[in-house]
Amino acid sequence: MLVPPAVVLVTGVSRWLGSALAAELAADPAVDRVIGVDTVPPAAEVLGSLGRTEFVRADIRSPLIGKVIESASVDTVVHMNISATPAAAGGRTSMKELNVIGTMQLLAACQRSSAVRRLVLKSTSAVYGASPRDPAVFTEAMQARRVPRGGFAQDSLDIERYVRSFARRRPDVGVAVLRFTNLIGPRIDSVLSGFLRTPVVPTALGYDPRVQLLHEDDAVAVVHRASTGDFAGTVNVGAAGTVLLSQAIRRLGRVALPVPEPAMGSVGRLTRRAGLAGRSVDWSSEQMRSLNLGRVLDTRVLREEFGYTPRYSTTEALADYARTLEPVVRPEFVDGAVATARSVLHRVAGGVAAVRGAVGDGPRPAPLVPGLRAVRDA
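Presented here is an overview of the structure given in this document.

Each value, and the rule that gives it
- Residues numbered from 1 in each chain as written.
- Predicted model: local features only at pLDDT ≥ 70, side-chain atom pairs only at ≥ 80, totals over all residues.
- Heavy atoms only, no water.
- Core = buried A, V, L, I, M, F, W, Y, C linked by side-chain atoms within 4.5 Å.
- Buried < 20%, exposed > 50% of the residue type's maximum accessible area, 1.4 Å probe, protein only.
- Helix = DSSP H or I, 4+ residues; strand = E, 2+ residues; numbered from the N terminus.
- Pairing = 2+ DSSP bridges.
- Axes fitted to C-alpha atoms, helices over the stretch in contact; angles between N-to-C directions.
- Contact = heavy atoms within 4.5 Å.
- Polar contact = N/O pair within 3.5 Å; in protein donor to acceptor, adjacent residues only side chain to side chain.
- Phe/Tyr/Trp six-rings, centres within 6.5 Å; stacked < 30°, edge-to-face > 60°.
- Arc of directions from axis to C-beta.
- Parallel < 35°, antiparallel > 145°, perpendicular 65-115°, else oblique.
- Left-handed = near helix turned anticlockwise from the far one by under 90°.
- Nonpolar A, V, L, I, M, F, W, Y, C, P; charged D, E, K, R; others polar.

To continue, consider the nonpolar core. Soluble globular proteins tend to pack their nonpolar side chains together in the buried interior. Ranked by internal contacts, the top residues of the largest apolar core, which has 33 residues, are Val78, Leu178, Phe180, Val222, Val235, Val237 and Phe306. Among the elements that make up this core, the one with the highest residue count is helix H1 (residues 16-26) (six residues). One finds Ala72, Leu106, Leu107 and Cys110 within the second-largest nonpolar core, a separate group that totals 31 residues.

In structure tokens, the structure reads:
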């Protein structure tokens, strides 16, 4: 018989996803107590939505987090305080400390507590890396063809390794690792949504990757189910279907700016200085490689074993996000221009074919040169 959690601790509660989860748990009558932890208090409008959630201002890098878990008899820990961009964390050094050292301190506190019986980690599909040799879809059993060498992806790999080590030391604790694909929606500020929010979107010349999305509401539902359910293991979390990056840019009414791949980072930093890109956008080499090559997840485990089917497809999630943006160029105008260009190309191609038919399609004989004679190939 499934016993609902009594006391749930949620890290990263000042961010949108953490606060949305805490609000869902606080509204669940089966949950006795919800404790939200972060280094900074939530904004006033967020704080009002948390219901009966108790906010504790604490740094998970500090041993204080162990006292919070022990004194409150926390039985379920949901770790969501993992930063994806250096700018949002105050630099790469602070980002790594928060992500890796903070996770180590949190796991050490869970290790010492006899009350903890469930741990949920919000991870990322970035652990699969990005390589031209990647498979069409990644299953949970697959590993990166090219191991990430820095940034958020490397932090996430380290964090998952520590969590697996914790699971071996505490087999009595149910551990769920959720590998999310790109999150998007009207309220969440993710790396991809910030990237697509810029009026002119830099793209790598010669690349048009597939993009798989997950709506913010589905993300909250998945973490809530993992926190209150009994699933143990690793699961890919993504919506059905994909779109090409060029399609996503066009549907959002943005303008694509193809630039040579080595210049992507420089162009991106210029857009940030100009105030066109938010702090959530990461222009690191690993993130640029992911945007150039794309990554698609197999979600069979999510649907059949975890027991959740996302309500929004990738196309529907993108459309819901599009409602929040004022288009720079109307998508119907772009579609019309593309259709016109295709029509012109077809007419030109038809004219070339007609001319070739009039003069004959066969190869023209080489002109005769005095003193030379034809030699048959052996």
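From this point, the narrative continues.
A separate point is the sheet that holds strand E5 (residues 118-124). Taken together, seven strands build an open sheet; the order of strands is E3-E2-E1-E4-E5-E6-E11 and the sheet is parallel. With one partner strand each, in any of the chains shown, strand E3 (54-57) and strand E11 (233-237) form the two edges of the open sheet. The sheet shows a mean angle of 20° between the axes of neighbouring strands, direction not considered. Direction of pairing for strand E1 (residues 7-11) relative to strand E2 (residues 33-38): parallel, over a ladder of five bridges. Bridging across to E2, Val8 finds its partner in Val34. Relative to the sheet, helix H5 (residues 92-112) contacts E1, strand E4 (76-79) and E5, its axis offset from that of E4 by approximately 175°.

With that out of the way, let us pick up unusual backbone geometry. Non-glycine residue Ser73 carries a positive phi angle of around 55°. With respect to the helices and strands, Ser73 occurs in the loop between helix H3 (64-72) and E4. Accessibility expressed as a relative area gives 43% for Ser73, which makes it partly exposed.

So, about the side chain of Asp320. Inspection of the secondary structure puts Asp320 in helix H13 (residues 314-322). Of the polar contacts made by the side chain of Asp320, one reaches the side chain of His215; its length is 2.6 Å.

The next thing to look at is the packing of aromatic side chains. With the rule as written, the count across this model stands at two aromatic pairs. Taken together, a centroid distance of 4.6 Å and an interplanar angle of 20° make the contact between Tyr128 and Phe138 stacked. With Tyr128 in the loop between E5 and helix H6 (151-169) and Phe138 in the loop between E5 and H6, the pair connects residues that are ten residues apart, well separated along the chain. We classify Tyr128 as buried; its relative accessible area is 1%. Taking relative accessible area as the criterion, Phe138 reaches 1% and is therefore assigned buried. Measuring from ring centre to ring centre gives 5.3 Å for Phe231 and Phe306, while their planes differ by 75°; the resulting arrangement is edge-to-face. One end of the pair, Phe231, is in the loop between helix H8 (216-228) and E11; the other, Phe306, is in helix H12 (residues 300-306), with 75 residues separating them in the sequence. Taking the relative accessible area as the measure of exposure, Phe306 reaches 5% and is therefore buried.

Another point: H3. Taken together, the buried positions of H3 are occupied by Ile65, Gly66, Val68, Ile69 and Ala72. With its buried residues spanning 160° around the axis, H3 presents them on a single face. H3 presents Lys67 and Ser71 as exposed residues on the side facing more than 90 degrees away from its buried surface. Where the residues of H3 are buried, they touch E1, E2, E3, E4 and H5. Ser73 sits one or two positions beyond H3 and adopts a positive phi of about 55°.

The contact between H1 and H8 brings their axes to 10 Å, and the two run at 55°. Judged on the interaxial angle alone, H8 and H1 are oblique. Crossing angle aside, the handedness with which H1 passes H8 is right-handed. Residue-level inspection shows Trp16, Leu17, Ala20, Leu21, Glu24 and Leu25 of H1 in contact with H8, the latter providing Glu216, Ala219, Val220, Val223, His224, Ser227 and Thr228. Of the residues that constitute the contact of H1 with H8, the class distribution is eight nonpolar, three polar and two charged.

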